[in-house]
Protein chains: 2
Amino acid sequence: MSIIDKYTTTFGLVKKIDAFGYLDYLKQNPDQPRKHGKVLLVTADTPLKASRGEGKTTTTIALVDALRERGVDAAAVLRQPSMGITAAGSKGGASGGGKSSLSHPELIDWGLCGEMAAIACAQNLLVSFAEKAVDEGVLDTILVPRVSEVPSRSLRSIAVDYGKGTVPERVVLTPTCELMQIVVLSRSMDEISERVASMIAGTKDGVPRKFGDFVDLWRITNILSDAVKPAKTETINGSPIYVHCGPFANVSLGIPSLVSVEMACAEHDVVVVEAGYGTDAGAQKWLDIASREFGAAWPAAAVVVTRATTWRDDETLAWRYPFHVSRLESLNIPTFPLINLWEGEDDQVPELLAQAKSLGFRKPIVGNLFRDGGDGLADQLDDFVSVISEDTKAYAPESRRGNTLMNRIKLLCEEAYGVPADRVIEKDGFADSLTAAQDLCANAGVDFNSLALVAVKSPATMTDDDHKPAGERTVTLKKVEVHAGAGVVQVNLTASLTTPMPKIV
Amino acid sequence: MSIIDKYTTTFGLVKKIDAFGYLDYLKQNPDQPRKHGKVLLVTADTPLKASRGEGKTTTTIALVDALRERGVDAAAVLRQPSMGITAAGSKGGASGGGKSSLSHPELIDWGLCGEMAAIACAQNLLVSFAEKAVDEGVLDTILVPRVSEVPSRSLRSIAVDYGKGTVPERVVLTPTCELMQIVVLSRSMDEISERVASMIAGTKDGVPRKFGDFVDLWRITNILSDAVKPAKTETINGSPIYVHCGPFANVSLGIPSLVSVEMACAEHDVVVVEAGYGTDAGAQKWLDIASREFGAAWPAAAVVVTRATTWRDDETLAWRYPFHVSRLESLNIPTFPLINLWEGEDDQVPELLAQAKSLGFRKPIVGNLFRDGGDGLADQLDDFVSVISEDTKAYAPESRRGNTLMNRIKLLCEEAYGVPADRVIEKDGFADSLTAAQDLCANAGVDFNSLALVAVKSPATMTDDDHKPAGERTVTLKKVEVHAGAGVVQVNLTASLTTPMPKIV
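Taking an unreviewed UniProt entry as the reference, chain A is identified by name as formate--tetrahydrofolate ligase belonging to Gardnerella vaginalis. Recorded in UniProt under Pathway (unreviewed entry), the annotation for chain A is "One-carbon metabolism; tetrahydrofolate interconversion."

We now examine the domain arrangement of chain A. Note: interface size is frequently given as the accessible area lost on complex formation between the parts. Residues and elements named next belong to chain A. Annotation of chain A at the domain level lists domain 1 (3-113 + 229-389), domain 2 (129-217) and domain 3 (405-492). For domain 2 versus domain 3, the distance between C-alpha centres works out to 23 Å. Each partner contributes residues to the interface: domain 2 has 15 residues there, and domain 3 has twelve residues. For the domain 2 and domain 3 pair, buried surface summed over both sides reaches about 1000 Å², with 57% attributable to carbon and sulfur atoms. At the junction of domain 2 and domain 3, the tally comes to one salt bridge.

Listed by partner, the interface residues are 44 residues for chain B and 44 residues for chain A. Buried area between chain B and chain A, summed over both chains or domains, comes out near 3900 Å², and the portion from carbon and sulfur atoms is 61%. Counting across the chain B and chain A interface gives four salt bridges. The residue Asp161(A) makes a salt bridge to Arg153(B) at a minimum N-O spacing of 3.4 Å. Counting across the interface, chain B meets chain A through 29 residue pairs in polar contact (both at pLDDT 80 or more). The dominant element in the side of chain B that touches chain A, judged by the number of residues it contributes, is helix α5 (residues 115-135) of chain B, at ten residues. Of the residues assigned to the side of chain B that touches chain A, the class counts are 23 nonpolar, twelve polar and nine charged.

Residues and elements named next belong to chain B. Two elements in contact, helix α1 (residues 19-28) and helix α9 (residues 258-267), have axes whose closest approach is 10 Å; the angle formed by their N-to-C orientations is 50 degrees. By the criterion of interaxial angle, the relationship of α1 to α9 is oblique. The handedness of the crossing between α1 and α9 is left-handed. Judged by residue contacts, Ala19, Phe20, Tyr22, Leu23 and Leu26 of α1 engage Val259, Glu262, Met263, Ala266 and Glu267 from α9. Of the residues in the contact of α1 with α9, the class split is eight nonpolar, no polar and two charged.

Overall, the coordinates contain seven cavities of 30 Å³ or more when judged by the stated rule. Counted as a void, the largest cavity has a volume near 390 Å³. Along the walls of the largest cavity sit 25 residues, with Asn124(A), Val147(A), Ser148(A), Asn124(B) and Val147(B) positioned nearest its centre.

Another point: unusual backbone geometry. Residue and element names in this part refer to chain A. Look at threonine 166: it is not a glycine, yet its phi comes out positive at around 45 degrees. Looking at where threonine 166 falls in the secondary structure, it is placed in the loop between β9 (158-160) and β10 (167-169). In this structure, asparagine 332 takes a positive phi of about 65 degrees despite not being glycine. Within the element layout of this structure, asparagine 332 appears in the loop between α12 (320-330) and β18 (335-340).

Turning our attention to the sheet that holds strand β13 (residues 207-210) of chain B. Within the open sheet, the three strands sit side by side as β7-β12-β13 (chain B). Their pairing is antiparallel. In this open sheet, the two strands that pair with only one neighbour each are β7 (141-142) and β13 of chain B.

Looking now at the packing of aromatic side chains. All names here are of chain B. Counted under the stated rule, the structure contains 21 aromatic pairs over all chains. Ring geometry for tryptophan 311 and phenylalanine 361: centres 6.0 Å apart, planes at 25 degrees, overall stacked. In this pair, tryptophan 311 sits in helix α11 (residues 308-312) while phenylalanine 361 sits in the loop between α13 (349-358) and β19 (365-367), placing the two residues 50 residues apart along the sequence. When its relative accessible area of 1% is taken as the criterion, tryptophan 311 is described as buried. You can call phenylalanine 361 buried: its relative accessible area is 12%. With a centroid separation of 5.8 Å and 80 degrees between ring planes, the pair formed by tyrosine 321 and phenylalanine 361 is classed as edge-to-face. Of this pair, tyrosine 321 sits in helix α12 (residues 320-330) while phenylalanine 361 sits in the loop between α13 and β19, and the two are 40 residues apart along the sequence. Taken as a pair, tyrosine 321 and phenylalanine 361 share a single burial class, namely buried.

What follows concerns the environment of Cys245(A). All names here are of chain A. Among the structural elements, cysteine 245 can be located in the loop between β15 (240-243) and α9 (258-267). For cysteine 245, a relative accessible area of 3% puts it in the buried group. Considering only alpha carbons, one finds cysteine 245 and aspartate 465, 220 residues apart in sequence, at a separation of 31 Å. Setting aside residues no more than four positions away along its own chain, cysteine 245 makes contact with Arg79, Gln80, Met180, Val183, Val184, Pro256 and Ser257.

Attention now goes to the relation of the copies chain B and chain A. One copy of the chain maps onto the other through a rotation about an axis followed by a shift along the same axis. Between chain B and chain A, the superposition needs a rotation of 180 degrees and an axial shift of 0.0 Å, giving an RMSD of 0.0 Å. This pairing of chains is accounted for by a two-fold axis. Judged by C-alpha distance, Phe11(B) is the residue of chain B that lies nearest the rotation axis, at 1.9 Å. Both copies share a contact surface, since 100% of the interface residues of chain B are interface residues in chain A too.

Residues and elements named next belong to chain A. Here strand β23 (residues 488-493) lies mainly inside the structure; six of its six residues are buried. Residues of β23 alternate between two faces, with Val488, Gln490 and Asn492 on one and Val489, Val491 and Leu493 on the opposite face, all of them buried. Sheet topology note: the strand β21 (residues 452-456)/β23 ladder contains five bridges and is parallel. Across the sheet, the residue bridging to valine 456 is asparagine 492, located in β23. When strand β22 (residues 475-483) meets β23, the two strands line up antiparallel, connected through six bridges. In the strand pairing of β23, valine 482 is matched with valine 489. Hairpin geometry of β22 and β23 is characterised by an intervening segment of four residues between the two adjacent antiparallel strands and by a positive phi of about 80 degrees at glycine 487.

This paragraph deals with the pattern of salt bridges. According to the stated counting rule, one finds 54 salt bridges over all chains in the structure shown. Here Arg327(A) makes a salt bridge to Asp288(A), at a shortest N to O gap of 4.0 Å. With Arg327(A) in helix α12 and Asp288(A) in helix α10 (residues 279-294), the pair connects residues that are 39 residues apart, well separated along the chain. The exposure class of Arg327(A) is buried, given its relative accessible area of 9%. Here Asp288(A) falls in the buried class, since its relative accessible area comes to 11%. Across the salt bridge formed by Lys132(B) and Glu136(B), the nearest N and O atoms sit 3.8 Å from each other.

Residue and element names in this part refer to chain B. Helix length check: helix α17 (residues 405-417), at 13 residues, gives a terminal C-alpha distance of 17 Å against a target of 18 Å (1.5 Å per residue), a fit within 8%. Residues Leu405, Met406, Arg408, Ile409, Leu412, Cys413, Ala416 and Tyr417 constitute the buried set of α17. Buried residues of α17 fall within an arc of 160 degrees about the axis and therefore sit on the same side. Looking one or two places after α17, you find glycine 418, whose phi comes out positive at around 75 degrees.

Rules behind the numbers
Residues numbered from 1 in each chain as written. Chains lettered and ligands numbered in written order. Predicted model: local features only at pLDDT ≥ 70, side-chain atom pairs only at ≥ 80, totals over all residues. Heavy atoms only, no water. UniProt positions renumbered as here; feature names shortened; annotations may be inferred. Domains from an automatic or database assignment. Contact = heavy atoms within 4.5 Å. Buried area = accessible area lost by both parts, 1.4 Å probe. Salt bridge = Lys/Arg side-chain N within 4 Å of Asp/Glu carboxyl O. Polar contact = N/O pair within 3.5 Å; in protein donor to acceptor, adjacent residues only side chain to side chain. Helix = DSSP H or I, 4+ residues; strand = E, 2+ residues; numbered from the N terminus. Nonpolar A, V, L, I, M, F, W, Y, C, P; charged D, E, K, R; others polar. Axes fitted to C-alpha atoms, helices over the stretch in contact; angles between N-to-C directions. Parallel < 35°, antiparallel > 145°, perpendicular 65-115°, else oblique. Left-handed = near helix turned anticlockwise from the far one by under 90°. 1 Å grid on protein atoms, 1.4 Å probe; cavity = no way out; pocket = protein on both sides within 12 Å on 5 of 7 lines; lining within 4 Å. Points joined across faces, edges and corners; volume = space filled by probe spheres on them. Pairing = 2+ DSSP bridges. Phe/Tyr/Trp six-rings, centres within 6.5 Å; stacked < 30°, edge-to-face > 60°. Buried < 20%, exposed > 50% of the residue type's maximum accessible area, 1.4 Å probe, protein only. Least-squares fit on C-alpha atoms with pLDDT ≥ 70 in both. Expected span 1.5 Å × (residues − 1). Arc of directions from axis to C-beta.

Below you can see the structure in the form of structure tokens.
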């Protein structure tokens, strides 16, 4: 029995692992056998629309299968897809497809072991306690939104206590809520408690009040007791896959829980992490939030997935894919283009390879991953395996906490979207929103500049209009929102959705 | 490996059993070994208030432990408590206490394996699909309420699509929703599909439309795939306990799922079923709904729990306990009074026994179950074991479907609350509500008189004023609501809560 088995329990067809307990044990017992796996980031081209993925999960699964076929001890960590969105038909599940599939995708697609529902419940309970605080005169305004697990058009705008107080309110989807971020970022139940206690519940006479002032935190942590445990499942080829937490990549953190990746790194030599949506979203967030501000491993290599059609069919958007590849290479992350072919596209391979060569890319990995799975990739991974086998020193990027938010936003726009500081525009109301957020933090005793920056944006666009020539592209700043418990400040950019409540289809 | 093991999977510290599959196997294989256990009903005196239980779950646990101590193969089936209510502090968990406890009460109290959350999600998804149907012109009015897992004061009255359509809406707790009733009453996933398809989603130009007309039912059944499986856990003494579904007893069915009880009866000789709140609520519903209309087993015996203080301290309410005991005996159910003592009440035993004797009760079972557990009961169970060991023919009560609703309501008031037909009062608006419900059913092709009657009432009162003398007590009928999918018609009586959304405490 290996050490991790003592922290593992069976939940139906998956295992759940007490990652907090296991990682704490390893910390207390540094002489115990463990691995120090490298993180490989699978990210993608910016998709043409939110509901059309490039195939990141499919690639992640195929890649792990292919690496294991080559004898590499690889595993992958996936985010849990939003059950509500899947059930609503707004998009497919995010569990791969065809020969690049999980053995039980239905588990991942349909709520796993209730993790997301528990997080939704816990945040809704916080709102209920805030209401009680209003009744008792402790609060007069609630600042935490209610959470819904399923999307619903009419929840975009609601009023509660209708006919009496008639209080307009926000309802957000579970993958966007602050408590989801807290579970993603926390490394212990105590840390979750502390972060929940630090969440700003609302205000009383304009003065912020935190949940720690009036909530029994054990009620929240009890609800979360199983939700904090990553799930372990496998691909149809038996490769290990961990699944934990599902913050959206466009409007939240876009990464699986930090502990799920750390746990996987203690068990495997190579851990493929899927970072949601395009390089401008999930990858940016892994690098700048998880690695830079919260101590997650810097990737030893990256794969940037695209579909031939996304890359090429709209000439005015064709700049995005090379931009992403170059950006990651410029950060000294060896970056492998991967072209995920669809049926009928096999004959395009020579042309795609030539195009990649002309752009100075590393040789692309090309395959129809749905049809051929990891078998189609294994032979192409020589360079990739060689890169990840190098004995490189772990790179730890410097934190940007302490710099002003505006400076950090401008840096982000330049680095991740290619828009220089002088084309970052402040929309009417942005300055007020920024001042309000700064004041809120000042009154709550929170150091505003210590909060990590989370960009809230459309998944399908990097700038106000990606079709414009490079020299004319702009980014418009719209709104600032503080999640003091999670330790992040969210800035809405360009075409962000303020209430991400997709259509039922 | 026994047959049921093939239908059993481990979920953390509990087992989950595919009861649908197991019972279907037994039906297809009548020669396979199985038991035909008897059902014992544990019910109670009407409590003084909703948040003050008499100790039914504590009794159920102690009774099973005591029966097993005596060599009887007994098990119990409990409803799952509402996590939201427990987490909100509105009441304690319903998992016993002290020496009459489950081995892991925290699991039951804090959401088990997400069953309730899945049911909430699924009903909310139905509402979302109904909204889509409104957008597409298929519906113009939605009749199914949204569900919340946690109570929240301000959800008592909400408006959605606020500022545009501004549609007033209802939000109910998971344990009160129609989908919970459907899961409780269904014996297969196909039956769940059919019942969901039969739910009246809303109306279009006044004509009812059912979910079967426009919803992909597989989305709903996928969400419910694990929620339909009863959980198995145990008492601290190792006695088997099944837990499944949690409809409130005052405003819904008050019973665990039918399949959970049937499965337990196939495995054990004696199955103790806890029926929620007083005899006027949970027991009435087991007898008149589960047994009479849905084929559940008629109890071979009953235990009616009271606390000494509930029974005696308010003289004007002291009639209720003997009423309950006599009512069950009059149905030929051998009924054992059980007095659950609290600390400091041991010296009252002789007086309580004398009082019971003077009322013609069977000899009461008396114990401090929190302090002493099943050990305190085992010696007192001679009569009880003798009764349940008798080889009696299973009684199948006659269905009352087909009779008019008014006739059935009057019969219920007489039998369960002791109020004759001429003191059943119709509140202003009741007749209109009844007519509207009848019209809705007529237009939907539903036989109104075939729907099983569910009384919706306060848990703490049987009549409009239980303090009045017997000859002056009345019951007021307030409202009628159809749950066509569940196959029930709900009638609000006396002090019912129209939106059961308890206080956060």
